[in-house]
Structure formats: structure tokens, C-alpha cells
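# Structural description and commentary
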Amino acid sequence: MTRQRGTVEDSETGATALGSTDRLFDFFGRHRSVAIMAAMLLVAIALPLIVLAPPFSGFNTQGVWIDNFNGAGIYVLLALGLNVVVGLAGLLDLGYAAFFAIGAYTYGLLASSFYGIHVPFWPMLIVGALVAALFGIALGAPTLRLRGDYLAIVTLGFGEIVPVVFTNSDALTNGTNGISGVDRPSLPGIIFGASNPVPFYVTMVVMLTIVLILLYRLQDSRLGRAWMAIREDELAAASSGVNTITTKLLAFALGATTSGLAGVFAASRLVFVSPDQFGFTVSFTILAMVVLGGMGNIWGVAIGAFVVFIVQSVVLKQLTNFLQPLNIPFLSSIDFLQYQFLLFGIALVAMMLLRPEGLFPSSRRRRELHTAQGDDLSSPQESAEPLT
Amino acid sequence: MQKFLRSSAVGLTLLLVLAACQGNNAPGGGSTSGSGAGGGSKGTVKIGVDLPLSGNEVANGQPTFNGIKLAVDEANKNGGAGGYKIEINKQDDAVNGVHNPDQGATNAKTLVADPAVVGMVGPFNSNVARSIIPVTNEAGLAECSPSNTAVDLTKTGSDKLRPQNPDKRNYFRLAAPDDIQGPAMAAFDYNDLGKKNAYILDDTEAFGKGVADEFQKAFVKLGGKVAKRDGQKYSASVDYTSLFNSVKSLNPDVVYFGGTQVTGGGLARKQMVQAGMGAIPFTGPDGIADLGTGGSQGAFITLAGVDNSHDVYGTVAGVHDLPSGSDFSSRYKAAFQNDPGAYSAIAYACTQVLLKAISDSAASASDMKSLREAVRAYVFDASKTYDTALGKISFTSTGDIKQAFISFYKVDPSLNGGKGGWTFVKQQAFEGGQ
Amino acid sequence: MTFRILRLALIAAGALVISWLLMIGLTWLGTRSESFSNVVATGTAQYFSALTIGAIYALIALGYTMVYGIIELINFAHGDVFMVGAFVAYLIFTSLGFGGAIKSIPLLIGILLLGFLVTMVVLGVLGAAIERFAYRPLRNAPRLAPLITAIGVSFILQNVVQVLISNSPVPSPQLVSLEYRFTLLGASVPLLNLLIFLVAVVLMIALQVFVGGTRLGRAMRSTAQDREAAQLMGVNINATIAITFFIGSALAGAAGLIYGLYKGNIVFNLGFDAGLKAFTAAVLGGIGNTVGAALGGFAIGFIEVAAVTTGLSRWQEALVFSVLILVLVFRPAGILGQQIGERA
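Residues numbered from 1 in each chain as written. Chains lettered and ligands numbered in written order. Predicted model: local features only at pLDDT ≥ 70, side-chain atom pairs only at ≥ 80, totals over all residues.

When helices and strands are tallied, chain C shows 12 helices and two strands. For 344 residues, the compact-globule estimate of 2.2 N^0.38 gives 20 Å, and the C-alpha radius of gyration of chain C, at 20 Å, lies within 12% of that figure. Overall size of chain C, expressed as C-alpha extent along the three principal axes, is 65 × 50 × 40 Å. Sorting the 344 residues of chain C into buried and exposed places 59% on the buried side. A fraction of 76% describes how many contacts in chain C between residues 6 or more apart in sequence connect residues 24 or more apart. (Helix = DSSP H or I, 4+ residues; strand = E, 2+ residues; numbered from the N terminus. Rg over C-alpha atoms; globule rule 2.2 N^0.38 Å. Buried ≥ 20, exposed ≤ 12 C-beta atoms within 10 Å, placed from the backbone. Contact = placed C-beta atoms within 7 Å.)

Turning to the interface of chain C and chain A, a few remarks are in order. On the chain A side, the residues contacting the 45 residues of chain C number 49 residues. For the side of chain C that touches chain A, the secondary-structure elements that each account for two or more residues are α5 (144-164), α8 (227-232), α10 (270-285) and α12 (316-330) of chain C. In terms of residue count, α5 of chain C provides more of the side of chain C that touches chain A than any other element does, 12 residues in total.

Glancing now at the interface of chain A and chain B. Counting residues at the interface gives 48 residues for chain A and 45 residues for chain B. Elements with a contribution of two residues or more to the side of chain A that touches chain B: α3 (32-50), α5 (62-88), α10 (198-219), α15 (298-323) and α16 (340-354) of chain A. The dominant element in the side of chain A that touches chain B, judged by the number of residues it contributes, is α10 of chain A, at eight residues. Of the residues that constitute the side of chain A that touches chain B, the class distribution is 21 nonpolar, 24 polar and three charged. (Nonpolar A, V, L, I, M, F, W, Y, C, P; charged D, E, K, R; others polar.)

To continue, consider the packing of α10 of chain C against helix α11 (residues 290-309) of chain C. Residue and element names in this part refer to chain C. Between α10 and α11, the shortest axis-to-axis distance is 7 Å and the interhelical angle comes to 120 degrees. Here α10 lies oblique to α11, going by the angle between them. At the point where α10 passes α11, the crossing takes the right-handed sense. Packed against α10, whose contacting residues are Lys 277, Ala 278, Thr 280, Ala 281, Ala 282, Leu 284 and Gly 285, the element α11 presents Gly 292, Ala 293, Leu 295, Gly 296, Gly 297, Ala 299 and Ile 300 at the interface. Broken down by class, the residue content of the contact of α10 with α11 amounts to eight nonpolar, five polar and one charged. (Axes fitted to C-alpha atoms, helices over the stretch in contact; angles between N-to-C directions. Parallel < 35°, antiparallel > 145°, perpendicular 65-115°, else oblique. Left-handed = near helix turned anticlockwise from the far one by under 90°.)

So, about unusual backbone geometry. For the bond from Gly 122 of chain B to Pro 123 of chain B, the omega torsion is -5 degrees, close enough to zero to count as cis. Mapped onto the fold, Pro 123 of chain B is located in the loop between β5 (117-121) and α4 (126-139). Phi at Val 271 of chain A is positive, roughly 50 degrees, even though this residue is not glycine. Judged by the 27 C-beta atoms lying within 10 Å of it, Val 271 of chain A falls in the buried class.

Working note: regular strand, side chains alternate between the two faces of the sheet. Residue and element names in this part refer to chain B. Burial of β5 is extensive: five of the five residues sit out of reach of the surface. Sheet topology note: the strand β1 (residues 43-51)/β5 ladder contains four bridges and is parallel. Along β5, the bridge assignment pairs Gly 48 with Met 120. As judged from the three bridges shared by β5 and strand β6 (residues 142-145), these two strands associate in the parallel manner. Along β6, the bridge assignment pairs Val 121 with Cys 144. In this fold, β5 hands off to α4, which returns the chain to β6; that crossover is right-handed. (Pairing = 2+ DSSP bridges. Right-handed = clockwise from strand over helix to strand, strands pointing away.)

Another aspect to go through is the confidence of the model for chain C. Residues and elements named next belong to chain C. Chain-level statistics for chain C give a pLDDT mean of 88 and a share of 97% at 70 or above. Between the elements of chain C, mean pLDDT differs from a low of 85, seen in helix α1 (residues 2-30), to a high of 95, seen in helix α3 (residues 78-95). Low pLDDT, under 50, characterises residues 339-344; the stretch is placed with nine contacts to residues that sit more than four places away or in other chains. Predicted complex metrics record ipTM = 0.88 and pTM = 0.87. (pLDDT = per-residue confidence, 0-100.)

Attention now goes to the environment of Val 282 of chain A. The residue Val 282 of chain A is located in helix α14 (residues 280-293) in this model. Sequence separation of Val 282 of chain A and Gly 73 of chain A is 209 residues, and the distance between their C-alpha atoms is 15 Å.

Here the focus is helix α5 (residues 178-192) of chain B. Residue and element names in this part refer to chain B. If you check α5, its first and last C-alpha atoms are 20 Å apart, about what 15 residues at 1.5 Å a residue would give, namely 21 Å. For α5, a buried count of 11 out of 15 residues is recorded, marking the element as mostly surrounded by other parts of the structure. Among all positions in α5, only Asp 178, Asp 179, Ile 180, Gln 181, Gly 182, Pro 183, Ala 184, Met 185, Ala 186, Phe 188 and Asp 189 are buried. Just downstream of α5, Gly 194 is the residue with a positive phi angle, here 70 degrees. (Expected span 1.5 Å × (residues − 1).)

Here the focus is the environment of His 99 of chain B. Residue and element names in this part refer to chain B. Here His 99 shows up in strand β4 (residues 98-99). Exposure remark for His 99: the 28 C-beta atoms within 10 Å place this residue in the buried category. For His 99, the residues in contact, after removing those within four places along its chain, are Pro 52, Glu 57, Asp 93, Ala 94, Phe 124, Asn 125 and Val 128.

On to the nonpolar core. Within the largest apolar cluster, 382 residues are counted, with the highest numbers of intra-cluster contacts made by Ala 79 of chain A together with Ala 58, Leu 59 and Ile 60 of chain C. A per-element tally of this core places helix α2 (residues 36-71) of chain C first, with 22 residues. Mapped onto the domain boundaries, this core takes at least three residues apiece from domain 1 (43-177 + 324-401) and domain 2 (178-316 + 406-431) of chain B. (Core = buried A, V, L, I, M, F, W, Y, C linked by C-beta atoms within 7 Å. Domains from an automatic or database assignment.)

Okay, the environment of Lys 410 of chain B next. Residue and element names in this part refer to chain B. Examined against the element boundaries, Lys 410 turns out to sit in strand β15 (residues 403-412). The class of Lys 410 is partly exposed, set by 18 C-beta atoms lying within 10 Å. With 251 residues separating them in the primary sequence, Lys 410 and Asp 159 have C-alpha atoms 37 Å apart. The residues touching Lys 410, leaving out its near neighbours within four places in the chain, are Val 312, Tyr 313, Trp 422, Thr 423 and Val 425.

Here the focus is α2 of chain C. Residue and element names in this part refer to chain C. The end-to-end C-alpha distance of α2 is 51 Å, a good match for the 52 Å that 36 residues give at a rise of 1.5 Å each. A large share of α2 lies buried, amounting to 32 of its 36 residues. Glu 72 sits one or two positions beyond α2 and adopts a positive phi of about 55 degrees.

The next thing to look at is the pairing of strand β8 (residues 197-202) of chain B. Residue and element names in this part refer to chain B. Counting buried positions along β8 gives five out of six residues, so the element sits mostly inside the fold. Relative to strand β9 (residues 225-231), β8 runs parallel, the two being bridged by six bridges. If you follow Ala 198 over to β9, its bridge partner there is Val 226. Considered for its hand, the β-α-β crossover made up of β8, helix α6 (residues 206-222) and β9 is right-handed. Across five bridges, β8 lies against strand β10 (residues 254-258) in parallel orientation. In the strand pairing of β10, Leu 201 is matched with Phe 257.

This is how it looks when you write it as C-alpha cells:
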């Protein structure tokens, strides 16, 4: 059984004659964590520089771009977490935003003047993640026995229930008004402010780096292989000695953990938590990010989430402002705000029709897909990805 | 642990690199310069706008935006403000067609990062204001909301929204807050309509629930009884019939709906009549009193149906007898071929206040940064008065309008050739501020 | 066959009576202080509004469950197909010049029949076209690919309606006057509610007969059971799947028309919401099972109204989904779903 490896390591097999680049790849292939750190560092430095160049500079200033990257980072975290559940373990979760909400509320309640408790941001990252994980286990334990599509609807229901609970528990969560005046993170000498997004940016980069390293290690671990085995064929996995319930539960808990982490970060960045930030559209957006990026491929999912977020909440939002001064006869007169979801919808459909495995499919998935193709008669049970 | 240390080192390097980039680039970003080809001679300043401008909420956002645009266009025709040509930096806070606090904050950051933005109008929704005010406050950007009514935005609790500069207010508004508007309708229902048993229904949102809570408090205080209190979250397929069925036997003699026509106001009235409770008056805040003609897109009377809109009363958190009232609507109509919305005139007035502040502070400000601060300080100088489309107005030190008026309106189905419209009933002045 | 229908009819009648009594009981719980006759009247009125809402959910749920049964796809665009149905009916009625109640009964019946016919055909074609262009190319793709496509199609349908017609709610013509009412146990109920219920039941029975007793229906069932084997037996798979989409979408179109008549208010994004509830109904009843979907639809309508009746309006959605979760935890395949293992 070939272990699933990321893009970096795929080159390993081809590298027999070691050139200098090959040697570099070889080094990074063996030291995955160092490779991730180097890559993240490169990306983190490159991004703020790229946006200084047109056309990006036409949309926003550098400072706002960095803040947008922070927003995108939240969704990258969320997508990475959901990827564990959907992409690796093959469990369809349609209410993932609920754990995001739980993470955000945990921070909002314990680090604001609402209860007068002000736990610092850094330990709360862990607390928020743990609380979300607990809820993940609490939801997962009774329901993970269900078939895939039933699990989908249960999670969807959970995703609907959580905001309703936050909306109606006036005394506990300030109800529909939400919690304002949530604390920002603090470090001596550094100001985490709305107009100073750089500290948030660094925090996000560090968080993402750690999460990526952990995810890669997990994916290649015994647990990661068990997830994939369940995704491929639950029955076979069970008969090979995988404890399917515990394994699925761990995927669920881990997904929730990442989501909780994202929630804490989001709450401290927005300094405000309210129930209407966590509706099912959030869950669907994250799911779309995972699928567009290529389920199962950690880097692909991260890039997918990043691109979808930037397109959705920066490019399409600012397109009208961007095009108006250019005076292009037809384009400048269109109010793109009205069409943003039409464009998004068309992109989703076109993407799936042209490249259903996602932009960056994992090599394993690609193989699965291509053996199945050209076999029109095959029943879905055999050819389609056994999600359940 | 070692890995963590390594990551931290990476982070630190990053921080340094970025700080360097930031330093080099600080003033460059926006399009500040202008040769003064348009109205002004000194260049261009911008009014930032954040409203829900896509999806279902266009019905609210667009007429409000048009009010702002009208004020800016008129100012530019008359030579701009303080020698500057005025432009608008427009941002949409709707995600998936629904106003979104997260997108609002992102938009506010975009606006404050544009150095030419010296004042801002918006947002439309109180929940979005809660995420925007911390951003604009930190940047010291004067922000005027035409429609926010949540009490804690300016009064008790508002310091939570200003963690960075608690003593430097920047947010002011022209709509009378919930604690004036809710009780005003309670008194109207109790005294003027003589109703004693109210059924209160809200949309579970920040605005709707807030104003309904204030209504309930005041109505009970007056001696009225609350037959039942319900909350029904609006969704596009919501059904109110069962709610009205369930209160029918409790014999309420008046209904108060906390919400807007977008979150179900019109539909609630329609289904109330269909449940056989048409004779009972339906009352609500400015969210339902949109003053739109029956038949016009998204208006209350359109959604309720003109046949069902009898006995409907609404408050508007502003003055009715506009000195320039009919004049404003005719200019609006000429510009946009449409009747003004409920917040068009207020948004127009918001813009007027900012423009006055810009033109009066332009001389003393050397650059955009000091102009932004001068505008903010100007607006919070309680001695200033403004001649606006709403009449002469001024603000309290907390940023609430001193001339808080509540105007009462009633639907008259016979207006506009049977299409229905809102008629003025009475207006009432309140001590603004506290 | 006849025995099965008889048994179903008996069960349905029993369920109708029991749920009526239950609703009256819940009303009593919600408003204890009132007189008995008031409780019965309110409970009866609530019962009929639950039946009406439930009928609409049930009709939409049928489409979900049929599509799922045959290609195992959660067709998220189905709710929006329902929404398009409401708008097609709106366009038909308004273009014929009918903006309100029609007084003449024969004319009313004629227009309604015409409306149903045209809406159902148009929507059927739309559904089949969506299948042809958006889902068929993905039949062998990973399971989630068509799901995402469905979400994309949903966005496209919503935005096309929004751009072409209106971005705010539109008053849809209520051709059946709500002044036609009947009084039952003190509750005054619009005749329209009963009509909607009957239309839904007729359509459901027609579907049962079609699926259970015709050649095409047999083809559908066999395709759902084992596509390959069905093909070997000479079933045209593509045509069968297209017909399934046609029927499911036509039913959603009928639901859209009914919804417009009942609500008098339609909006471009109403499908996602209603679709979510209907999908829940399909799962609640046991996805893939048409009788279950109908039952689930009525159950959801009942829970929604019961929440309001007992004073829990703020918790309505949470209650619907809590019941769903509880049912699935204790009966993992839904109320009527077969307790079969994973199809490997």
C-alpha cells in the first residue's frame, strides 16, 4: 500500500540521479516539518509583497490585503480541519460552522467584559480548541454509526441548532446582540489592532504552520492510514482490525479542534461575536473550499480555501470599485455586487464539470478516479468515491 | 518545543520584514491625489459608505445609498466641500444576500485604509455596527449611521465598542434609538388607539428584538397587558399563520411587530389578515414604516398586499415635517426615477453633516490625516448645528441627535390611486440623548 | 397492490386522527388557562396549517428522495427548482392577467389546471436539463463532486431569478380567495388549505401508482436497486434517470405553485430554506422511500406548528433538527427506511 504523500515528496521516486535541486527536494522530502516551515515562511513573505504589484494593488492597500489574508487564514484553518473529516476520513459534515461558533463563543465569553472574565488569548487558543473538540465528540459519539448521508443531515441539523441556542440564551450569551468588546490578543510591546494587522498575520502564519505540520504527521501516521482505510472501505477496514468508531470519532474531534482554533482567532480579530456569523452558508462555503481545492490533499485544500475566500470577499466585492475608474465601456457599468453569487455558482459548476477531483487532487484520489473513468456502465457503488 | 521555537523565530523574522514593508508604503495606497478637474481645487476626499447592497437587502441599501449619492452629487455641482471634490468609496456588507458583521468589519478596514476617506456613512444594521465601530474608532473616522437604533451603540455599553480609544467617540447617528421608538409606539397604542392587550412578535434579530423589548417594557408600565410574546426568525419560507392562530383565542387588541419588512413585516400582516385577525391594528417600528408606495418593489404595502394593509401603523425615527421635504423627494425622484426610501432623506442628512464638517475644517487641516481627525472632532463638538434635509439638527455628546422626533404614520389603502401609501398621523419631539 | 394501497390508506387515516388529537393536546399544554372549546378550535386551526405546510414539504421531499434513491445524490438544487416553480406559476398567472382571487369557479378550476400543467412540464424539463448538463457528466466522479455542482446550480438558479425578476419578495397571485372558508369545531379554516392537502395527496397517490404499477416505474425501481443489472435487462439508464428528475422536479413545480397560492409572497432565495426542511423530511422518513418522504414532510410541518403552539416559536428550527437527530440516533435509517447495512 502506497502511503499518501504530498506534492513535495512525490518527486522522491523520480529522483535517482541527484542534481542539486533533486538533493534539495530529497532533503525536504525527508524533513517534512522543515519543508513546511520553509514553504510557509516563503509564502508569508511573498504574499504581502505580491499585492504591491498591479492588479492586486488596485483592489486594496497592502495593510488591508494583509487583513484580508488574516480572514483567509481563518478559512484555511477551517478548511484544513474539515479536510480531516471529509477528505481523509470520508465523513460528510454539513454543519461544520457550529464548531467554529463554539470556539468563537468560548473565547467571547471568557475574554470580554460580558462576564468580566479576561483570560488571555494564548491559553484560550487551546481552551477554545478543546471545548470545540468536546462538542465534536459529544455530537459524534451517538451519530457516527450512521450511514454517510444520514451523518450529513445530522451535522447539518447540529449546525442549525447551535446558532439558535446562542440567539435565544439571552442570559448566557447576550442573545441575538452577541458579545461586543471581546479582548484582542496581547503581547508585551506589540499592538494587535484593527489598523495593524501584521501581528495577527504573524500569529496566523505560525498557527497554520503548526497545524500543517501536525496534519502531515497525522496523515502519515497509523491513524491517518486508518482514516483513509475507512474512507476507502469501512467494512474492509473494520475486518482488518481498525476500530472504526474510535477512528471516526478522532477525525471528528480533530476537525472540531481546528475549527475551534479558528473560532478563537476570528473572535479576537473581529472583537465581536454574534450568532448570525455562523449560519449554514459558512458551512457550505468551507465545504466548497475543500472540494474545490481537492479533497484529501492538504496543500490543495489550503490553497483552495485561500483562493475562494479572496475571490469571494475581496475580488468580487471590490470589482466594481476596481473597474469603475478604468472606464472600460461595458464592464465598468456592471454592478458586480449583484452578480457575485451567480459568478460563484458558475465557477463551482464549471470547476466540477471540468475537473471534478478538485484543483489539486491528492495523487491517490487521482488514481482512484482514473481507473474508474471510461467505464460508463459501472455502478456508482463501485466507481464513485465511497464516501460513506 | 524545539519546533515551536523555530516557528517563533520564523514569525519574528516575518514581523520585521513586514514592518519594513509597512513603513515604506504607509501613505501610498489610495488614490488621494487629483488635479482638481472636478468640483474642488484642492483634490479629492471621499465619503466611505457601508451598506447591504446585494441580495434581498438591496431594498434597504439602495435607496439609502441613493440619498448619499444625491448629497454628494449636489455638493460637487456647487464646488465640492472645503475646496475638495467629493467621491464615494462604496462597500457592500451583504454576504449571500444577508448583512454580515464580518464583512462589515472587513469593509470598514478597507475604508479606514483609504487615506482619502474622511467620513463614513453606514452601516444599516445594528449588528454590523457592533463590528464596525471598533475599527472606525481606532482610526478616528467619523461615522454616521442613518438607521442604527440599538441603544448600546451610543449609550450604556458603548465603551465596549471603543476598546482602543474609549474617550474619543466617532460614531453618531440620526435615527432615534430603540428606547425612544419602542416606548413611543407603546404610548400611541395605549393612549391614542386605546388598546390594552398586545401581542408582541419579533424577528429574533438585534434590531427587531431590541425595539420589541423596549415596547414591551413601556406598554406594561403604562398598564397594558401582554397577551403573548413570540419570536419568529425570518427565513424566506417562513410561515406566520400558526403564530396568529395560536393567539387568536387570547383576544389581543393590538399587534406589535419588532422587525422590518425585509424580515417578515409585510408577510406577517398578510398572514395575520388571512388568519382572520384583520380588524386588529398592526403596529411596528420604522422597519415596517418604509413609507413606500404599494406596488413598489419590496415595500411593506406590496408585501402585505394593499387589501391587508388597513389598520397598519408605524413609527419613523425622524421628523415628518421636513423643511425641505417635498423638495427633497422631487430632487430624489428626478435623479433616480423612484420614490425615496425610508432612510434616503436621513442618509442624505448624514452626508450633509459630514460635508459641512469637511468644508468647515478643511482650512485648518494640513493633510488627509488631520482632516479626518478634524472632521471627527467637529462632529462631536456639541455646539455645532447643521442645516439638513431633516431641518436644523445638532448632536449630544454621545452622538445621538438632540432633535429626536418620532413621527407616526398610518397606511391609507386609497392613496396613489388605490395602490396604497403611508399618511402622516402625528409627530412627537423627545429630549434627545439620555 | 390493492391490499398495499388499502393498508396505506388505513395507516394514513389513523395518523391523521392521531395527529389531530395530539395537536389539540399540545394546544392545551400551550394555553392551559383557556376553555376547552377554545383549545379545540385553536388546535384544529393549527392542525390544518400543519397539514398545509406539511403537504408542501412532502411534495418537495419526494423529489429529494427519488433522486437520492436512484443516483444517491443529495440534490441541493432541488429546493431552488421548487422556487423556480413558484416563479413560473407566478409568471403564468400574471401574464394571463390574474393578479388576485378569481370569482368564477369554472374559470378558477380551468386556470389552476392550466397552471399546474404548464408549471409541472416546464419544471420537469428544467430538472431533466439540469441532470443532463450538470450531473450526468459527473456520474462517475467522486461522490462530493455532484454535490458541489448541485450547490453551484442552486446559486445559479437563485441569481438568475433575482436578476430577471426581483431581488425582493414578489406578491404572488392568490387565485383561490381566502374568503372561502369552512368552520370545523369552532375553527375557521380556508378552503384553500384543504384543497392544497388534497392536491398533494392526489399527486402522491399518482406517484405511487406510477412507480409501483407502470413499466417506467419498474425501470426506475430496478435502476435504483442495481444499475448494472437493470441495464443488462434492457433498461435505458440515462432515460430512466432523466425521467426521475423530470417527475421529481415536476412535483417540486406543483409545490411551488401551491406555495404561491398559499403564501401570496415568493422570493428568489426561498428554495434553499424550504429545500433544507424538505431534505430533512426525506431523511426523517427514510431517504429513498417515497411514502417515508411524504410522512416526513407532514411530520416536519407538524413539529413546526407544534413548536409555535406550545410557545416555543424561538426554538422552532432547533426543535425540528433535534427531533431529526433523535430519530436518527434511535432509528438510524429513518422512520420507514429499511434497516439495511451499508451498500458496499
